[in-house]
Amino acid sequence: MEVDVSQAERVHDLTAEEVAAGIAQGRYLLIDVREPNEVAAEAYPDAVVLPLSTFDPAEIPDPQGKTVVFACRSGKRSVTASLAAQAGGKPYDSHLAGGMLAWKAAGLPSKTGG
């Protein structure tokens, strides 16, 4: 997938705490773009998994008024996914800065087994 990462300023960083609160309040739809083996080892609760290796913005479920937030392990692939979604005509410009690493550092829960 070719995406111009120099456009990364078009992606908004959200902290793990902001994302967790937004999910709890029903305001965010979390899209995990990590690969299945990563998700099987450790997953975000309540995330939709759409691996970046096969990412298609058309497969993003209807967020039904929620803000779509992309997430990965460290925050790099989530920026790529956001830019790819924007290139595909979707207005999704938020990601979890720091990814699963930041999520765990914040003491937020994860689950195993995807």
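In every chain, residue numbers begin from 1 and rise along the written sequence. Local features in this predicted model are restricted to residues whose pLDDT is 70 or higher, and side-chain atom pairs enter the listing and the counts only when it is 80 or higher, whereas totals over whole chains, interfaces and linings include all residues. Hydrogens and water molecules were not included; the side-chain quantities draw on all heavy atoms of the structure.

As recorded in an unreviewed UniProt entry, the chain goes by the name Rhodanese-like domain-containing protein, listed as coming from Candidatus Afipia apatlaquensis.

A. Looking closely at the environment of threonine 80. Within the secondary structure, threonine 80 sits in helix 3 (residues 76-87). Summary of the burial criterion: residues with accessible area below 20% of their type's maximum are buried, those above 50% are exposed, and those between are partly exposed, where the area comes from a 1.4 Å probe applied to protein chains only. By relative accessible area, which is 16% here, threonine 80 ends up buried. In this structure, the C-alpha to C-alpha distance between threonine 80 and valine 33, residues 47 residues apart in sequence, is 9.5 Å. Runs of H or I in DSSP of at least four residues are treated as helices and runs of E of at least two as strands, each being numbered from the N terminus.

B. Region of interest: the sheet that holds strand 3 (residues 48-49). Criterion used throughout: strands pair if DSSP finds at least two bridges between them. On the basis of which strands lie adjacent, the open sheet formed by five strands has the order 1-5-4-2-3 and parallel pairing. The open sheet has two free edges, formed respectively by strand 1 (12-14) and strand 3, since each of these has just one partner strand. Relative to strand 5 (residues 94-96), strand 1 runs parallel, the two being bridged by three bridges. Looking at strand 5, one finds that aspartate 13 is bridged to histidine 95. It only takes one pair of heavy atoms within 4.5 Å for two residues to be counted as in contact. Simply put, an axis is a line fit to the C-alpha atoms, just over the touching stretch for a helix, and the angle between two N-to-C directions goes from 0 to 180 degrees. Along the sheet, helix 1 (residues 16-24) makes contact with strand 1, strand 2 (28-32), strand 4 (67-71) and strand 5, crossing strand 2 at roughly 120°. The sheet contacts of helix 3 involve strand 4 and strand 5, and relative to strand 4 the element is tilted by about 140°.

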